[in-house]
Amino acid sequence: MTASATNTIITLFVLTGLGVALKRLKVTDLRIDNFLSVFLVTYVIPANMVYTTYTNFTIDHLKVSYKGVLIAMASMLMLIVISLGLSRLRRHNNKRGGSFIAMGAFSNTIFIGLPIITSLFGDAGVPYLLLYFLANTILFWSVGNYFLAKAKTGSTFSLGSLLKIINPAIIGFLVGLLILYYNIHIPAYLDSSLGYLKDLITPLSLIYMGSMIGSLSFSNLGSPVDTVLIVLLRFLVSPVIVILIFLVFPMPDLMEKVFVVCAGLPVMGSVSIVAGRYGGDAGYASFMTALTTFLSLFAIPLYFIMFRFL
């Protein structure tokens with residue numbers, strides 16, 4: 001790895017370690033974790049979506065962006081099929097099966113992906129991250145929600161679950177696209193304010209991630225076989241599927257690299273929230289989110305090594 005790459009890895013460990021230390025020292029607790037989560041998801045991330053979209057997208061990029069979304073969706077649908085097959089082999093009930101499928105198929109694209117992508121590729125990688133995030137969000141709140149809802153008897157697709165696609169991050173993305181498409185002038189003070197909020201993403205996300213790791217409890221581990229399978233799906237199977245798709249359908253080099261990283265990110269944080277809503281395996285999903293988040297720190301150096309051979 002280059003000196004810059006090494007510095008990036010060390011920085012990620014330092015800020016995440018700070019989050020772990022704050023949790024262990026009881027400086028942070030569940031209330032502060034909830035505040036950081038709401039603040040980032042509801043305010044900081046949408047501001048970042050607006051800013052990075054109108055500063056990093058171009059009209060020409062928009063004309064080919066749909067191909068990236070379709071490729072991301074195709075990889076996730078393959079993962080869903082593989083996860084469903086493994087769940088049936090493991091003879092999961094609906095409570096465990098829905099969570100297992102969702103954890104295997106969907107990644108934590110914004111919370112963890114955004115700081116990692118910006119650290120690896122700078123702001124130039126964010127537009128491709130947004131494409132992957134769009135596909136991830138659409139499929140999670142439709143197909144993923146369906147499998148999670150099966151934990152509750154009689155639950156299927158619903159208009160309410162589909163409306164979840166329109167979340168703050170998606171709205172920010174769409175606002176940024178409108179600004180770009182209609183060439184809307186942004187006042188300097190608003191541009192600066194959005195820029196300041198954008199700069200909060202990486203440190204706050206990493207501290208939040210560390211705080212989650214500091215809460216790890218092996219009491220929620222469940223079956224070690226399921227745990228190993230989810231880790232393999234997230235960090236091995238998912239990136240390999242994306243690489244294979246790009247061998248058949250070549251795309252811009254930066255898009256390929258960003259999608260591979262996005263595919264190998266930790267379990268999506270929303271899985272435990274939705275599982276809890278339907279009476280599913282929320283505790284295990286929370287544990288796997290934290291565990292895979294921790295393991296992702298060791299996967300990042302592998303991305304640098306892998307990209308040297310792509």
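Anything mentioned here points back to the structure above.
Below, the structure is looked at part by part. The model shown is predicted, which means the values in this text are computed figures rather than measured ones.

Each helix and strand in the chain was counted, giving 14 helices and 0 strands. Counting from the amino terminus, the chain carries its helices and strands in the arrangement α-α-α-α-α-α-α-α-α-α-α-α-α-α. Counting only residues that meet the buried cut, the chain has 52% of its 310 residues in that class. Taking the intrachain contacts of the chain between residues at least 6 apart in sequence as the baseline, contacts between residues at least 24 apart amount to 86%. Split by element, the accessible area of the chain, about 14,000 Å² in all, is 68% carbon and sulfur.

The nonpolar side chains of a soluble globular protein tend to be buried with one another. The biggest cluster of nonpolar side chains holds 89 residues, and the ones touching the most others in it are F106, F140, F259, V271 and M288. Ignoring anything within four residues of it in the chain, the contact list for F140 reads A102, F106, N145, L148, M268, S270, V271 and V274. Counting residues in hydrophobic clusters, the runner-up holds 7 residues, among them V50, Y51, Y54 and I186.

Let us look at a nonpolar patch on the surface. Together, V228, L232, L236, V240, L244, L247, V248 and F249 line one region of the surface with nonpolar side chains, adding up to about 770 Å² of accessible area. For L244, the position within the fold is in helix α11 (residues 224-248).

Taken as a whole and judged by the stated rule, the model has 10 aromatic pairs. Judged by centre distance (5.9 Å) and plane angle (50 degrees), the ring pair of F246 and F259 falls under tilted. Of this pair, F246 sits in helix α11 while F259 is found in helix α12 (residues 253-263), placing the two residues 13 residues apart along the sequence. With respect to class, F246 is no different from F259; both count as buried. Among the aromatic residues, ring-to-ring pairing joins F35, F39 and Y43 into one connected group. In this structure, R96 packs its charged tip against the face of Y284, placed 4.0 Å from the ring centre.

Within the structure shown, the criterion is met by 6 salt bridges. Linking R90 and D226 is a salt bridge whose minimum nitrogen-to-oxygen distance equals 2.9 Å. Of this pair, R90 sits in the loop between α3 (59-89) and α4 (94-105) while D226 sits in helix α11; the two residues are 136 residues apart in sequence, bridging distant segments of the chain. Overall, R90 belongs to the partly exposed group, its relative accessible area being 32%.

At R91, a position not held by glycine, the phi torsion is positive, near 55 degrees. Along the chain, the position of R91 falls in the loop between α3 and α4. The backbone phi angle of N183 is positive, close to 50 degrees, even though this residue is not glycine. In this structure, N183 sits in the loop between α8 (168-181) and α9 (188-199).

So, on to the environment of G280. Here G280 shows up in the loop between α13 (270-277) and α14 (282-307). Overall, G280 belongs to the buried group, its relative accessible area being 13%. For the pair G280 and L148, spaced 132 residues apart in sequence, the C-alpha to C-alpha distance is 6.9 Å.

In this section: the packing of helix α5 (residues 113-121) against helix α10 (residues 201-213). In contact at an axis separation of 9 Å, α5 and α10 are set at 130 degrees when each is read in the N-to-C sense. Relative to α10, α5 is oriented oblique. When you trace α5 past α10, the crossing you get is left-handed. Residues L114, P115 and T118 of α5 form the contact with α10, whose participating residues are I201, T202, S205 and L206. Here the residues of the contact of α5 with α10 are counted per class, giving 4 nonpolar, 3 polar and no charged.

Position of R234 among the secondary structure elements: in helix α11. Summary of buried charges: R234 has no salt-bridge partner, and the nearest side chain of opposite charge, D226, is 14 Å away. One polar contact links the side chain of R234 to the main-chain carbonyl oxygen of L265, over a distance of 2.8 Å. Apart from residues lying up to four places away in sequence, R234 is in contact with L79, M103, G104, A105, F106, S107, P239, A263, G264, L265, P266 and V267.

Each value, and the rule that gives it
Residues numbered from 1 in each chain as written. Predicted model: local features only at pLDDT ≥ 70, side-chain atom pairs only at ≥ 80, totals over all residues. Heavy atoms only, no water. Helix = DSSP H or I, 4+ residues; strand = E, 2+ residues; numbered from the N terminus. Buried < 20%, exposed > 50% of the residue type's maximum accessible area, 1.4 Å probe, protein only. Contact = heavy atoms within 4.5 Å. Areas by Shrake-Rupley, 256 points an atom, 1.4 Å probe, with all protein chains shown as cover. Core = buried A, V, L, I, M, F, W, Y, C linked by side-chain atoms within 4.5 Å. Patch = residues over 30% accessible without salt bridge, like charges linked within 9 Å, V, L, I, M, F, W, Y side chains within 5 Å. Salt bridge = Lys/Arg side-chain N within 4 Å of Asp/Glu carboxyl O. Phe/Tyr/Trp six-rings, centres within 6.5 Å; stacked < 30°, edge-to-face > 60°. Lys NZ or Arg CZ within 6 Å of the ring centre and 35° of its normal. Axes fitted to C-alpha atoms, helices over the stretch in contact; angles between N-to-C directions. Parallel < 35°, antiparallel > 145°, perpendicular 65-115°, else oblique. Left-handed = near helix turned anticlockwise from the far one by under 90°. Nonpolar A, V, L, I, M, F, W, Y, C, P; charged D, E, K, R; others polar. Lys, Arg positive; Asp, Glu negative; His and termini not counted. Polar contact = N/O pair within 3.5 Å; in protein donor to acceptor, adjacent residues only side chain to side chain.

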